[in-house]
Amino acid sequence: MKKTVYKKIKDLYLDYQAILAGNGIGDLDLIVDQIKAECKKANLEMIVVLTDIDNELYGVWNEY
């Protein structure tokens, strides 16, 4: 995956998280649509990209 595409999606994801936390103002649906469009242009699975970003930011929680 190109770094610029990953960074753009990551920035959108962080904006989305900020809005959910009450630290930002914006339209969640618009952000989701932008993430979908970026993933589609780069031929990426949205859930895979968002999971990778989430794991990078917050780590992987494994409870055994």
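Keep in mind the model is a prediction, meaning the values are calculated, not measured.

The next thing to look at is the overall build of the protein. Helix and strand content of the protein: 3 helices and 0 strands. Start at the N end of the protein and walk to the C end: the helices and strands fall as α-α-α. Dimensions of the protein along its principal axes, counting C-alpha atoms only, are 40 × 30 × 15 Å. Contacts in the protein between residues far apart in sequence, at least 24 positions, make up 55% of those at least 6 positions apart. In the protein, which carries 8 positive and 11 negative side-chain charges, the distance between the mean positions of the two groups comes to 10 Å.

Along an α-helix, residues three or four apart share an orientation, since each turn contains 3.6 residues. Over its 14 residues, helix 2 (residues 28-41) runs 20 Å from end to end, which matches the ideal 20 Å to within 8%, given 1.5 Å per residue. Among the residues of helix 2, Ile31, Ile35, Glu38 and Cys39 are the ones counted as buried. Along the axis of helix 2, the buried positions cluster into a sector of 100 degrees, meaning they face one direction only. Seen from the open side of helix 2, the exposed residues pointing more than 90 degrees away from its buried face are Asp29, Lys40 and Lys41. Buried residues in helix 2 make contact with helix 1 (3-20) and helix 3 (46-58). One or two residues past the end of helix 2 sits Asn43, with phi positive at roughly 55 degrees.

Below, the discussion takes up the pattern of salt bridges. In this structure the tally under the stated criterion is 4 salt bridges. Put simply, Lys7 and Asp11 hold a salt bridge, and the shortest N to O gap is 3.1 Å. Of this pair, Lys7 and Asp11 both sit in helix 1, 4 residues apart, which is roughly one turn of the helix. With a closest N to O distance of 2.7 Å, Glu56 and Lys10 form a salt bridge. Separated by 46 residues along the polypeptide, Glu56 in helix 3 and Lys10 in helix 1 bring together distant segments of the chain. With relative accessibility at 45%, the residue Glu56 sits in the partly exposed group. Linked through salt bridges whose partners overlap, the residues forming this network are Lys8, Glu38 and Lys41.

Conventions we followed
Residues numbered from 1 in each chain as written. Predicted model: local features only at pLDDT ≥ 70, side-chain atom pairs only at ≥ 80, totals over all residues. Heavy atoms only, no water. Helix = DSSP H or I, 4+ residues; strand = E, 2+ residues; numbered from the N terminus. Contact = heavy atoms within 4.5 Å. Lys, Arg positive; Asp, Glu negative; His and termini not counted. Charge placed at Lys NZ, Arg CZ, Asp CG, Glu CD. Expected span 1.5 Å × (residues − 1). Buried < 20%, exposed > 50% of the residue type's maximum accessible area, 1.4 Å probe, protein only. Arc of directions from axis to C-beta. Salt bridge = Lys/Arg side-chain N within 4 Å of Asp/Glu carboxyl O.

The quantities given are spatial measurements derived from coordinates; they are silent on function.
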